Amino acid sequence: MRKYLTPDQIRLREDLAGARDRIVVLLNLAVGDSLRMEQAQEFVEKARAWSGANAFRLLRYLASRPDALSAPTPDCPPCGVRLIALLIASGHGENVGLVPCSDCGRTNPLPTYAGPEGRLCYGCSSRRLAVPCARCGKLAKAVARRPDGRICQVCKDKEPGSRKECGSCRRMMIPTRHLPDGTYLCQTCAPKKLQTCCRCGRQRRANALTTDGPVCGTCYASPPRRCGICEQVTPIRVRAKGETPDICYRCYVPPEKLCTVCGRIRRGHHINHGNGPFHCDGCVPYEARKRQLHTCALCSQERKAGVFWPVGPVCPLCYRTALTQPERCTMCDQQRILVGRTLDGGRICKACSFPDERPDYCSSCQQPADLLPGRRCPRCTLLAKVTSLLSRDGTTLDASLRPLADVLSDAPNPYPVLAWLRRSPAARLLGQLVTAPDELDHAALDALPQGHATTYVRGLLTTARLLPPRDENLALLINWTARTLAKLPGHQAILIRPFAEWHIVRDARRRSARGRYTYIAHKGDCGNIRAAIDFLTWLDTQRHTLQGLTQEDLDIWAISRPTLRARSIPFIRWAGARRLTRANLTIEHPPSQLPGHFQLEEDHYEELRRCLSDPLLPSDVRIAAALIRLYALPLTRIVELTTDHLHHDADHAYLTIIRHPVVLPPKLARLIDDHLEDGSRHGNEATGTCCRAVPPGAPATLRDCPTNSSATACPPAQPGTRP
């Protein structure tokens, strides 16, 4: 349908076209012939005065007086202030003067705010409109209204949900720039407006706009003026106000008044930007520290307030805890960040604290929540980020990676997982590996540099059952051996390879099958192989061979390498058993220190009697102490005992220790039975196993259970703790 204009609209368009032509003509007359018609139109458009009411305001101001640009008056419209700044920045400042702030006299930032005496900059306008904040009590410009009153910008930025994820640095910051794609940029990452300094010629942020052009912060200096006391032209400390003239730094003397804190007449100043009571110089720091302390509404401690919530001031520690550990709201029964409190003391969320305001709904699940960037709740944000991390195109998730996505997205608390996805190197490594899910196996992870990130990703994939479980300590030994043998010269690799693979690694496989191969054992086996390599290297430096080794040479080696003497014994014994060396070569062990502290027999019996009879001790402590005093069992074996090691017949109870059953005393057997019947906290009902651990110690090892031979080891920690 064709749209027809009314006569009034036609007349308005004609008036606007005429106003534009007159503005361009007046600009050429005021600035000079250096300003072309196209440039004048461009400057007026950038000053937002080419259309609408601003065009008529600017025309009236330029037509009112011939020196409207060279000597601007306080009634200059905001679009005129911006136009003058654009003309000066482009090099047309010969016949143009800046508009100063009527309060502070500065020209940067631009005085675009209206005041009673003229134009005001943002700082002076904020000071004139300052009111006491309802939360922090400071005089500041009110930017929002809450049920408890008007609040300042600082308190508004501390409210939950005000921080958003920066699209550049990925930190949760106060948004400064909103991009077209829906993301935000913080103040650090937001692009800065750069201008060419008229003095140094560098592209930098302008600290001031002078008649010569923009000046950077390095080149800028406060313009000197004549001091009203000493009549010297020098930088001014206090600007003229009323009948008081400009005062330079040398002539300025702080006033002496009655301090409202200590009651003495001393030098000082009025606090709160000159609007508060007078404090002397000695009381200002004390009062400043005292004003910063508040009673935290959550922990009731006298601390500095990190944020002001409806519940009251909250210290930084409680603020971080509340953000990372959301709880259930007593009114809406949702898992939220609780910022308020009901009359009966129940904690409530932001939506329930401000029922008059429209709640924030998640764009995915359509439920009210604490929204994150993208207007999604933490749970939907976590699901979207996990899908983006584990998918090739960012939207479609491979079916084989669905268990891993469930492990990450089903975390009880999504906030630590979101932080883990944003900052952890393990998350970045996981995103690189899932690009080829068919090639994801232990061999692919073994080919990567072995660090904390690789270990964490391997444990995460094993927990999600994408990788089969394996003995990681044995795998560390095998991989380290392969890397070490590849670096050896040929004559050493011929001897070290059979020793490492057929003696060290073979014995490690047997111990791993019995569940006895630990990380300490892996380090010891690596030390034995390293000592064997060092021994062969020493033989090469001495120009000896292993076949021609004598006892004297071996003694010299043992004396010169005391730290490797015990580590080299397995290799020398292995070489002697295979007749690679002369017979009867031995390394004497250093004499060990005999024990010097002995327990009295009466004390031993008294402690055993207390373990079997004292009901005040925990039952797991009594059982462990009794096993140590009766059978000298170390704790490493006690924590691995399960109910499979315990047997009964008609007369006695037996405990199998290293494949040898021993008879238990009746009191100890009854103590163990009572502990198991009472439902020990070491039971494994949650894992579905048939055995329970004999206390005290960790949960039952599944390797000793005959019906769970394929059980896996304990899963790693949840993402978001530490990679």
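Only a predicted model underlies this, so the values are computations on that prediction, with no experimental measurement involved. (Residues numbered from 1 in each chain as written. Predicted model: local features only at pLDDT ≥ 70, side-chain atom pairs only at ≥ 80, totals over all residues. Heavy atoms only, no water.)

Asks: It is not clear to me how the overall build of the protein should be interpreted in this structure. Could you clarify?
Replies: Within the protein, the regular secondary structure consists of 24 helices and 32 strands. Residues counted as buried form 37% of the 723 residues belonging to the protein. Long-range contacts, defined as pairs at least 24 residues apart, comprise 41% of the intrachain contacts of the protein with a sequence gap of at least 6. Summing over all exposed atoms, the protein offers an accessible surface of approximately 42900 Å²; the carbon and sulfur share of this is 53%. (Helix = DSSP H or I, 4+ residues; strand = E, 2+ residues; numbered from the N terminus. Buried < 20%, exposed > 50% of the residue type's maximum accessible area, 1.4 Å probe, protein only. Contact = heavy atoms within 4.5 Å. Areas by Shrake-Rupley, 256 points an atom, 1.4 Å probe, with all protein chains shown as cover.)

Asks: Hey, could you run me through helix 10 (residues 378–390) in this one?
Replies: Three- or four-residue spacings in an α-helix give side chains the same orientation, since the helix completes a turn every 3.6 residues. Helix length check: helix 10 (13 residues) gives 18 Å between terminal C-alpha atoms against 18 Å at 1.5 Å per residue, within 8%. Buried within helix 10 we find P378, C380, T381, L382, V386, T387, L389 and L390. (Expected span 1.5 Å × (residues − 1).)

Asks: Is there a simple way to think about the pattern of salt bridges in this case?
Replies: Close approach of charged atoms allows side chains of opposite charge to pair. Applying the stated criterion to the full structure yields 21 salt bridges. In this structure, E159 and R146 form a salt bridge, with 2.9 Å as the shortest nitrogen-oxygen distance. Here E159, found in the loop between helix 6 (153–157) and strand 7 (164–165), pairs with R146, found in strand 5 (residues 144–146); they are 13 residues apart in sequence, far enough to count as distant. Both residues of the pair, E159 and R146, belong to the buried class. With its nearest N and O atoms 2.9 Å apart, the salt bridge here joins D525 to R511. Taken together, the residues span a long stretch of sequence, with D525 in helix 18 (residues 519–541) and R511 in helix 17 (residues 490–513) at a distance of 14 residues. Residue D525 shares its accessibility class with R511, and that shared class is buried. Because the salt bridges share partners, they merge into one network encompassing R135, R146, D148 and E159. (Salt bridge = Lys/Arg side-chain N within 4 Å of Asp/Glu carboxyl O.)

Asks: Before we go on, may I ask you to explain the environment of I337 in this structure?
Replies: When you line up the elements, I337 lands in the loop between strand 27 (335–336) and strand 28 (338–341). Sequence separation of I337 and A322 is 15 residues, and the distance between their C-alpha atoms is 6.3 Å.

Asks: Hey, could you run me through the side chain of R347 in this one?
Replies: With respect to the helices, strands and loops of the structure, R347 is situated in strand 29 (residues 347–349). Of the side chains with opposite charge, E327 lies nearest to the buried R347, which makes no salt bridge, at 4.9 Å. In this structure the side chain of R347 is engaged in a polar contact, spanning 2.8 Å, whose partner is the backbone oxygen of L338. Not counting residues up to four positions away in its chain, the partners in contact with R347 are L298, R328, C329, T330, L338, G340 and R341. (Lys, Arg positive; Asp, Glu negative; His and termini not counted. Polar contact = N/O pair within 3.5 Å; in protein donor to acceptor, adjacent residues only side chain to side chain.)

Asks: I would appreciate a short explanation of the nonpolar core in the present structure.
Replies: One broad trend across soluble globular proteins is that nonpolar side chains are buried collectively. Formed by 34 residues in total, the largest nonpolar core has its most connected members in I496, I529, F535, L554 and F571. When contributions to this core are tallied by element, the ones reaching two or more residues are helix 16 (472–486), helix 17, helix 18, helix 19 (551–560) and helix 20 (569–577). In terms of residue count, helix 18 provides more of this core than any other element does, 9 residues in total. Excluding residues within four positions of it along the chain, F571 makes contact with L495, I496, F499, A532, F535, L536 and L546. In this structure, A49, W50, L69 and C76 belong to the second largest nonpolar core, which totals 32 residues. (Core = buried A, V, L, I, M, F, W, Y, C linked by side-chain atoms within 4.5 Å.)

Asks: Would you take a moment to explain the pairing of strand 32 (residues 660–663) for this structure?
Replies: Look at any regular strand and the pattern is simple: side chains alternate between the two faces of the sheet. Of the pairings in the sheet, the one linking strand 31 (residues 653–657) to strand 32 comprises 4 bridges and is antiparallel in character. Paired with L655 across the two strands is V662, which belongs to strand 32. (Pairing = 2+ DSSP bridges.)

Asks: What is the right way to read the sheet that holds strand 21 (residues 278–280) from this model?
Replies: Strands pair in a sheet through their backbones, by hydrogen bonds, and they do so in one of two ways: parallel or antiparallel. Judged by pairing direction, the sheet is antiparallel, and its 3 strands sit side by side in the order 19-20-21 without closing on themselves. This sheet does not close on itself; its edge strands, each paired only once, are strand 19 (256–258) and strand 21. Within the sheet, the average angular offset between the axes of one strand and its neighbour, ignoring direction, is 70 degrees. By the bridge criterion, 3 bridges tie strand 20 (residues 265–270) to strand 21 in an arrangement that is antiparallel. Counted as the bridge partner of H269 is H279 from strand 21. (Axes fitted to C-alpha atoms, helices over the stretch in contact; angles between N-to-C directions.)

Asks: Please clarify how a nonpolar patch on the surface should be interpreted in this entry.
Replies: A surface patch of nonpolar side chains, about 310 Å² in accessible area, is lined by L476, Y519 and I520. With respect to the secondary-structure elements, I520 resides in helix 18. Since its relative accessible area comes to 65%, I520 is described here as exposed. (Patch = residues over 30% accessible without salt bridge, like charges linked within 9 Å, V, L, I, M, F, W, Y side chains within 5 Å.)

Asks: Honestly, helix 20 in this entry has me stumped. Any pointers?
Replies: Residues of helix 20 that are buried include every one of I569, F571, I572, W574 and A575, and no others. On its buried face, helix 20 is in contact with helix 17, helix 18 and helix 19. In the segment just after helix 20, R579 is the residue with positive phi, at about 60 degrees.

Asks: Looking at this structure, how should I read the sheet that holds strand 31?
Replies: The strand order across the open sheet built from 3 strands is 30-31-32, with neighbouring strands paired in antiparallel fashion. Looking at the sheet topology across the chains shown, the edges are occupied by strand 30 (646–648) and strand 32. Between one strand and the next, the sheet's axes are offset by a mean angle of 35 degrees, whatever the strand orientation. Pairing analysis gives 3 bridges linking strand 30 to strand 31, with the strands arranged antiparallel. Residue pairing across strands places H647 opposite Y654, the latter belonging to strand 31.

Asks: I tried to follow the pairing of strand 31 on my own but got confused; where do I start?
Replies: Burial within strand 31 is extensive, with 4 of its 5 residues counted as buried. Between the end of strand 30 and the start of strand 31, which pair antiparallel, lie 4 residues. Two successive antiparallel strands, strand 31 and strand 32, enclose a turn made up of 2 residues, where I658 displays a positive phi of approximately 55 degrees.

Asks: How should the packing of helix 21 (residues 601–613) against helix 22 (residues 619–631) be read in this particular structure?
Replies: Two numbers describe a pair of packed helices, the interaxial angle and the distance between the axes. Taken N-terminus to C-terminus, the directions of helix 21 and helix 22 make an angle of 145 degrees; their axes are 8 Å apart at the nearest point. Handedness of the helix 21/helix 22 crossing: left-handed. Between helix 21 and helix 22, the contacting residues are H604, E607, L608, C611, L612 and S613 on the first element and R622, A625, A626, R629 and L630 on the second. Its residues assigned to classes, the contact of helix 21 with helix 22 shows 6 nonpolar, 2 polar and 3 charged. (Left-handed = near helix turned anticlockwise from the far one by under 90°. Nonpolar A, V, L, I, M, F, W, Y, C, P; charged D, E, K, R; others polar.)

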